[in-house]
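# Survey of secondary and tertiary structure
Spelled out, the chains give:
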Amino acid sequence: MAPKLLPPKQLQNLRFFFTRSLRTSSSSSISTSAAVSPLNLAEKPEPAIQKPLTAIQDHAKPSSIIDIHDHQKLFSNVPTSKLLHASSNLYLASISPMVDFGMWVMNSRLMETDNILRAAMMKTVRHTFFEHFCAGEDVVEAGRCIKKVNESGLRGMLVFAVEYTGDNDACDQNLKGFLDTVQSAMSLPPSSVSSVVVKITAICPLSLLERVSDLLRWQQRYPSFNLPWKQNSFPLFSDSSPLYHTIEKPEPLTPQEEHDLQLGQERLWKLSEKSVQANIPLTVDAENTAIQPAIDYLTYSAAIKYNKDDNPIVYGTIQAYLKDSKERLLLATKAADKMRVPMGFKVVRGAYMSRESKVASALGYDSPIHNSIQETHACYNDCASFMLEKIANCSDAVILATHNVESGRLAAKKALDLGIGRGNPKLEFAQLYGMSDSLSFGLSNAGFLVSKYMPYGPVDKVIPYLLRRAEENRGLLSTSSIDKELMRKELKRRLKASIFRSES
């Protein structure tokens, strides 16, 4: 497809950006096996997956199923203005001192006391990183963004970006936002929204989730410990699951706490019912291990209630950087099969590494995180392989949320080896909106369903969400050198084509 002639002003901007980026950015070659962070805001780029071979690698040797070299084909549906804006933001996001300064300002008291500074910072962030990594400030803007993403061949995981709520009134308000999200998704083009995402900490008070998790951990230690409020669920722990957060026997829930837990459960049920009506999956994000037992308990209880007729609506999330993740996945799916409950999982690497390690160290325990990145890669690939085999046997569904090119290649190859057709609705790949576009378009061009994780909400609510990810994973808002290099090459190609056409 011949490129359109660029307007003079845009052509000048393109020349400026390209020449500046050549002077200031590394010119190292692209490594197609390079990896970046999991589908929770980003960690530093990871090394390529190394031996030993995993279950996926046994089935899938390196192949050309995913092509991320052809920048013209990858970005054929991306307007030059969008590509230029994305390249600029990714370049800025890769400058660590700038990101560190922005984090310091956003976390400082100046943001509370200096209205002029706050307004200036919000405006700056709104028109740079927020526009690049978020879908908008409200559900209307998010809907428009979903349509644009869908026009490029991708889908959207719509995320009302609120979390860590302290009281029932705020939880009720957040529930309204999530219900509005599902309602909006119903009005968008069919299949343009692959799922709606919720964090349980947005609809159930954080302190209550901590209490419930303590009680669940104590019952895991002492099975005779009675929890009168506990409903049917899948296994929440494995033999290797961390229980050190609960060092002494917790007090039973008070009548008020039991009432609040019921309210939290009912909020998730209302959201699940709305998702059933819309036939749009509801993906429950994982959080840190201190509260994950309660999150899994509520998620699995909702799945048992609403996942029917080989149609998983409520999805859980497995963080593969945890040592117990694969065993918990096996136990949960085995229990679901026994109960004939179709189950969906999103598989991610994880995004709470710093917090998990600090908590474990403070309590005198080993970190629950794998000891090496290679072990995390192997665990992720094993979990992905297991879920792909489940799909091949006509059960369950999976969202493989990864920015790791090699994991994407291996999973795509194994899916085809198992006879999982391209476009199978039970298999979705996913990456963050604004990151790893080359992998997203490469998988999409290969015929697979691919989504972008698209948070939205008012800037003052979404920015703290981004900053928390930055604090947990140094390197937030950095992206793989693959995207930056490919975008730069495509911008150069378009610049040359525009100059040629303007001179002819």
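Residues numbered from 1 in each chain as written. Predicted model: local features only at pLDDT ≥ 70, side-chain atom pairs only at ≥ 80, totals over all residues. Heavy atoms only, no water.

- Per an unreviewed UniProt entry, the chain carries the name Proline dehydrogenase and comes from Salix udensis.
- Quoted verbatim from the Sequence similarities (unreviewed entry) field of UniProt, the annotation for the chain is "Belongs to the proline oxidase family."
- A UniProt comment under Cofactor (unreviewed entry) is attached to the chain, and it reads "FAD". (UniProt positions renumbered as here; feature names shortened; annotations may be inferred.)

## Here we look at the packing of helix α10 (residues 206–221) against helix α11 (residues 255–278)
- It is the contact of α10 with α11, at a shortest axis distance of 11 Å, that shows an interaxial angle of 105°. Comparing the axis directions of α10 and α11 gives the class roughly perpendicular. Contact residues: α10 offers Leu-208, Arg-211 and Val-212, while α11 offers Glu-257, Asp-260 and Leu-261.
- Of the residues belonging to the contact of α10 with α11, the class tally is three nonpolar, no polar and three charged. (Axes fitted to C-alpha atoms, helices over the stretch in contact; angles between N-to-C directions. Helix = DSSP H or I, 4+ residues; strand = E, 2+ residues; numbered from the N terminus. Parallel < 35°, antiparallel > 145°, perpendicular 65-115°, else oblique. Contact = heavy atoms within 4.5 Å. Nonpolar A, V, L, I, M, F, W, Y, C, P; charged D, E, K, R; others polar.)

## Description of the side chain of Asn-404
- Counting through the fold element by element, Asn-404 comes out in the loop between β6 (397–401) and α16 (405–417).
- At 3.0 Å, the side chain of Asn-404 and the backbone nitrogen of Glu-406 are in polar contact. (Polar contact = N/O pair within 3.5 Å; in protein donor to acceptor, adjacent residues only side chain to side chain.)

## Thoughts on the sheet that holds strand β5 (residues 344–348)
- Pairing within the closed barrel is parallel, and its eight strands lie in the order β1-β2-β3-β4-β5-β6-β7-β8. In this sheet, adjacent strand axes meet at a mean angle of 30° when their direction is disregarded.
- Bridge count for strand β3 (residues 282–284) against strand β4 (residues 314–319) is two bridges, and the pairing is parallel. Bridge pairing links Leu-282 to Val-314 in β4.
- Against the sheet, helix α13 (residues 325–338) touches β4 and β5, its axis set at about 155° to β4. (Pairing = 2+ DSSP bridges.)

## Overview of the nonpolar core
- Judged by nonpolar contacts, the single largest core of 117 residues is most densely connected at Ile-200, Trp-229, Phe-234, Leu-400, Leu-427 and Phe-429.
- With nine residues, helix α12 (residues 292–306) is the largest single contributor of residues to this core. (Core = buried A, V, L, I, M, F, W, Y, C linked by side-chain atoms within 4.5 Å. Buried < 20%, exposed > 50% of the residue type's maximum accessible area, 1.4 Å probe, protein only.)

## Examining the confidence of the model for the chain
- Scored by pLDDT, the chain comes out at a mean of 84, with 82% of its residues at no less than 70.
- In the predicted structure, residues 1–6 sits below a pLDDT of 50 and forms 14 contacts with residues beyond four places in sequence or in another chain.
- Under a pLDDT of 50 for its full length, residues 8–63 has, in the predicted model, 144 contacts with residues more than four places off or in other chains. (pLDDT = per-residue confidence, 0-100.)

## Regarding α12
- Under the 1.5 Å per step criterion, the end-to-end length of α12 is 21 Å for 15 residues, consistent within 8% with the ideal 21 Å.
- For α12, a buried count of 14 out of 15 residues is recorded, marking the element as mostly surrounded by other parts of the structure. (Expected span 1.5 Å × (residues − 1).)

## Quick look at the packing of aromatic side chains
- Taken as a whole and judged by the stated rule, the model has nine aromatic pairs.
- Judged by centre distance (6.1 Å) and plane angle (80°), the rings of Phe-75 and Phe-441 are edge-to-face. Here Phe-75 is found in the loop between α3 (71–74) and α4 (80–93), whereas its partner Phe-441 is found in helix α17 (residues 437–445), with 366 residues between them in sequence. Across the pair, Phe-441 and Phe-75 agree in class, each one buried.
- In this structure an aromatic cluster arises from ring pairing among Phe-160, Phe-178 and Tyr-456.
- For the cation-ring pair, Lys-305 lies above Trp-269, with the distance from its terminal atom to the ring centre recorded as 4.8 Å. (Phe/Tyr/Trp six-rings, centres within 6.5 Å; stacked < 30°, edge-to-face > 60°. Lys NZ or Arg CZ within 6 Å of the ring centre and 35° of its normal.)

## Quick notes on the pairing of strand β7 (residues 427–432)
- Of all six residues that make up β7, six are buried, and the element is covered over most of its length.
- Bridging between β6 and β7 involves four bridges; their strand directions are parallel. Within β7, the residue paired with Val-398 across the bridge is Leu-427.
- Regarding topology, α16 serves as the crossover connection from β6 to the parallel β7, and that connection is right-handed.
- Summarising the sheet, β7 and strand β8 (residues 450–456) pair through four bridges and their orientation is parallel. Of the residues in β8, the one forming a bridge with Leu-432 is Tyr-453. (Right-handed = clockwise from strand over helix to strand, strands pointing away.)

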